[in-house]
Amino acid sequence: MNRVAHQLSVSCTRKMALTNLILTIAGVTACVMLLRSDVKQSANIFRRNIKHIRNWLEEESSAAAKEMEKAKPKEILKNGSLKDGKE
């Protein structure tokens, strides 16, 4: 009787170990999948933000270039005074 009880105990222990292993693998897999999707989502948001920043910089540089085109340069006369380009 003792031997049968021992075999049942070992069998139950193996089943519990297998169940624990399967649950652990399932839990780790779920965490990896969640983290992977979170990283992808963060990367997409980062790319979108970079596009916005790039557009802002391009708009600002084009606006600055237009301002530079509008501004007329001033001439420096031989005596050191400035002559306005408006004339």
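1. Looking at the overall build of the chain
Looking only at helices and strands, one finds 1 helix and 2 strands in the chain. When its helices and strands are written in sequence order, the chain yields α-β-β. For the chain, the residues scored as buried account for 0% of the 87 residues in total. As presented, the chain carries roughly 8,600 Å² of accessible surface, and 63% of it is formed by carbon and sulfur atoms.

2. Thoughts on the confidence of the model for the chain
Chain-level pLDDT for the chain is 83 on average; 75% of the residues reach the 70-or-more range. No element of the chain has a lower mean pLDDT than strand β2 (residues 82-83), at 62, and none a higher one than helix α1 (residues 2-70), at 88.

Each value, and the rule that gives it
- Residues numbered from 1 in each chain as written.
- Predicted model: local features only at pLDDT ≥ 70, side-chain atom pairs only at ≥ 80, totals over all residues.
- Heavy atoms only, no water.
- Helix = DSSP H or I, 4+ residues; strand = E, 2+ residues; numbered from the N terminus.
- Buried < 20%, exposed > 50% of the residue type's maximum accessible area, 1.4 Å probe, protein only.
- Areas by Shrake-Rupley, 256 points an atom, 1.4 Å probe, with all protein chains shown as cover.
- pLDDT = per-residue confidence, 0-100.

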